[in-house]
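Each chain, written out:
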Amino acid sequence: MTKRALITGVAGQDGAYLSALLLDKGYEVFGCDLSTDARSCWRLSHLGIYDKVTLLPADMADAVSLLRAVEQSRPHEIYNLAAQSAPGASFQSPVEYGNITGLGFARLLEAILKTAKQARIYQASTIEIFGYGKIRRLAADMPFHPVNPYAVAKLYAHWLGQMYREDFGLFVCNGIMFNHESPLRSLNFVTRRISNAAARIALGLDSELRLGNLESRRDWGYAPEYVDAAWRMLQQAKPDDYIISTGRWHSVKEFVVKAFGAAGLDWSKYVKTDPGLLRPVDVPFAIGDLSKAKKVLGWQPCVKFDRLVEIMVKEDLVRWQRHLKGEIFPWDAVNET
Amino acid sequence: MLKKALITGISGQDGSYLAEFLLSRGYEVHGIVRRASTFHTGRLDHIKLGHDERRERLFLHYGDMTDSSNLNRVLEKVRPEEIYNLAAQSHVQISFEVPEYSAEVDALGVLRLLDAIRETKVKARFYQASTSELYGKVSQPHQDERSPFYPRSPYATAKLFGYWTVVNYREAYGLFACNGILFNHESPRRGENFITRKITLGIAQILAGKLDFITMGNLEARRDWGYAPEYVELMWKMLQAELPVDYVVGTGEQHSVQEFIEAAFAYAGLDWRKYVRTDPRYLRPAEVDRLCAESARANQELGWSPRVKFAGLVKVMLDADMRALGLKPIGEGDALLGKLFPHRWWGPD
């Protein structure tokens, strides 16, 4: 029997990679997003699967549309990846973040409770729910402390996942993921901003890049590997929460140095810091405890930091070169810069 | 100039007591009430329809926690120095029936209000009505400000969202914002569908010959029940402190629903076994078994020392419900209040 999966936020980075992974495994894939037109779903086109995913228009703010999507797809597995997902920007529109990223999951769970109780559910939780503290090693049962509206909304969803699992018997897994990047990352994330800028500066299209806190540190993994971890969680006998990380931290500055290096540039000539881009509260760092993911899921990150930066810069260089030659292909940067 | 306070949820149990308390302290009090085809401001009638000058200082504005532009407008207009966010869908069991609405009001509502404060640049201190339900499935006998949270209902998860939003706005924007993590607090103004009030009102109705029995859910649940007027004073004290801090507030005594029933029926001179039935329909999908406050911080920093304890609370509530139904109260509750609060600021219940 063909397994069916429903992915919310299918047009995003993780949605696209996960669709590709599941199609590869023989799943029938249904995807929801706010807009399902080809331009909005450029990542699916980039991976060559735009016409292989059944797209359903549904909005996390609209309970009935979610109910319809669940009824229509009759999924065995549901991946809730839809979210307003930029922690920094969440200070600008906190209510929208709460509504989509937080309440959106409540609406989806209610729809599932009604029509797809047997489905297995993956909730894209995040390291941001832990915020700061003096924690050095981070395990899933550590105390939470969200430091931005995005994280507050994600923590709310995290608790919902746990509650519907324990009290309603739904198979819900919270995947507490650290940052994961790729050439499909949105341009409003710092990694992609850097890789895109390095490519543009290398080709003479720009002369500088402004960034907030260069000392800010993150644990950056490679997105295609992370969606594989999400899939593995739903194949276990019991639902549980897992931390997914690389266990290594690097500063934004290190990313900048590597990225500009990969484009053949000396970063110090082009990068300026701009205090206006600082988050009101930043996230200090902790090492994610990977032991459970390794032991239970057999999951381990392979693409390390240097390789990740290289993949991203190379891809952005190729894109801008193709663009300069007049080629037209699915891509985000031309529309946004 | 008079100090101005804004109370969301002013028509509720806590809101109405707080309004009276602030009026007694000389405040100009503004409250937000939802526009509905029926008035639900009965708890304020004795002020609004009274003859003393307090009514001149009480202002009601139509509004709703789901409407940002409205919250913005009210803030612009009132420009309060203190804001008490008491508005909520506050019934735990009902939150399982209306989870999304509960989250709209109890979670996003807090965020809308805080964001409206930021937007309008109103220089106000902020009180958030947090709740012992945040602790949910507890692992320790007592809960203080450092105890881990474990919400067990859509109400509690939504309130936890509100709690963290307050912490975040305090840390990110330096807002003077406090979470009052209040344990159950009751009074004759408690909603009739809350367990304590359901019991005392039920008994009064039985005594009046209007009811044969009451139907209850889980009798084993254990709670820390206090007397609401004492709690709203603490809300005010939190905002007068030097620094914004979160406080746990409760009596530190724990009793079961069963004990509440026994105490209340015994006070009325009835054998509870004849009048109490249980029905699994009244059980929550997920129960919170026990809650008990450790209020050392509030005790040390705010001088918290609750005077009405469990046994007295039961009598106060039953006396009031009997009076409301035209019966002569047994009177021990009324006497207790007279003794404990010679200068009480709240009107008769």
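Computed from a prediction, not measured in an experiment: that's the story for all the values here. (Residues numbered from 1 in each chain as written. Chains lettered and ligands numbered in written order. Predicted model: local features only at pLDDT ≥ 70, side-chain atom pairs only at ≥ 80, totals over all residues.)

**Student:** Looking at this model, I keep getting lost on the domain arrangement of chain A. Mind explaining?
**Tutor:** As a measure of interface size, the accessible area lost when the parts come together is often cited. Residue and element names in this part refer to chain A. Parsing chain A into structural domains produces domain 1 (4–181 + 220–244) and domain 2 (190–218 + 249–282 + 304–336). A straight line from the C-alpha centre of domain 1 to that of domain 2 covers 27 Å. Contacts between domain 1 and domain 2 engage twelve residues on the former and 13 residues on the latter. In terms of residue count, the dominant contributor to the side of domain 1 that touches domain 2 is helix α2 (residues 42–46) (three residues). When grouped by side-chain class, the residues that make up the side of domain 1 that touches domain 2 number six nonpolar, five polar and one charged. (Domains from an automatic or database assignment. Contact = placed C-beta atoms within 7 Å. Helix = DSSP H or I, 4+ residues; strand = E, 2+ residues; numbered from the N terminus. Nonpolar A, V, L, I, M, F, W, Y, C, P; charged D, E, K, R; others polar.)

**Student:** Explain the domain arrangement of chain B to me, please; I cannot follow it from the model alone.
**Tutor:** Residue and element names in this part refer to chain B. Segmentation of chain B into domains returns domain 1 (4–185 + 225–249) and domain 2 (191–223 + 255–286 + 309–340). Relative placement of domain 1 and domain 2: their C-alpha centres are 27 Å apart. Taken together, the contacts link ten residues of domain 1 with eleven residues of domain 2. Top element by residues in the side of domain 1 that touches domain 2 is helix α4 (residues 92–97). It accounts for three residues. Tallied by class, the residues present in the side of domain 1 that touches domain 2 amount to four nonpolar, five polar and one charged.

**Student:** Just to check I follow, could you spell out the nonpolar core for this structure?
**Tutor:** A general trend in soluble globular proteins is that nonpolar side chains are found buried together. In this structure, A:I112, A:Y156, A:A198, A:A259 and B:V249 are the most contacted members of the largest nonpolar core, which totals 207 residues. For this core, the element with the most residues is helix α5 (residues 149–168) of chain A, which contributes eleven residues. Apart from residues lying up to four places away in sequence, A:A259 is in contact with A:I194, A:S195, A:A198, A:V309 and A:V313. (Core = buried A, V, L, I, M, F, W, Y, C linked by C-beta atoms within 7 Å. Buried ≥ 20, exposed ≤ 12 C-beta atoms within 10 Å, placed from the backbone.)

**Student:** Please clarify how the interface of chain A and chain B should be interpreted in this entry.
**Tutor:** Contacts between the two partners involve 26 residues from chain A and, on the opposite side, 24 residues from chain B. Elements with a contribution of two residues or more to the side of chain A that touches chain B: α4 (94–115) and α5 of chain A. Looking at the side of chain A that touches chain B residue by residue, the classes come out as 19 nonpolar, four polar and three charged.

**Student:** What is the right way to look at the packing of helix α8 (residues 252–262) of chain A against helix α10 (residues 305–324) of chain A in this model?
**Tutor:** When two helices pack together, their arrangement is given by the angle between the helix axes and the distance between those axes. Residues and elements named next belong to chain A. Orientation of α8 relative to α10, taken along the N-to-C sense of each, is 50°, at an axis distance of 9 Å. When the axis of α8 is compared with that of α10, the two are oblique. For the element pair α8 and α10, the recorded crossing hand is right-handed. Here F255, K258, A259 and A262 of α8 come into contact with α10, specifically with D306, V309, E310, V313 and K314. In the contact of α8 with α10, the residues fall into five nonpolar, no polar and four charged. (Axes fitted to C-alpha atoms, helices over the stretch in contact; angles between N-to-C directions. Parallel < 35°, antiparallel > 145°, perpendicular 65-115°, else oblique. Left-handed = near helix turned anticlockwise from the far one by under 90°.)

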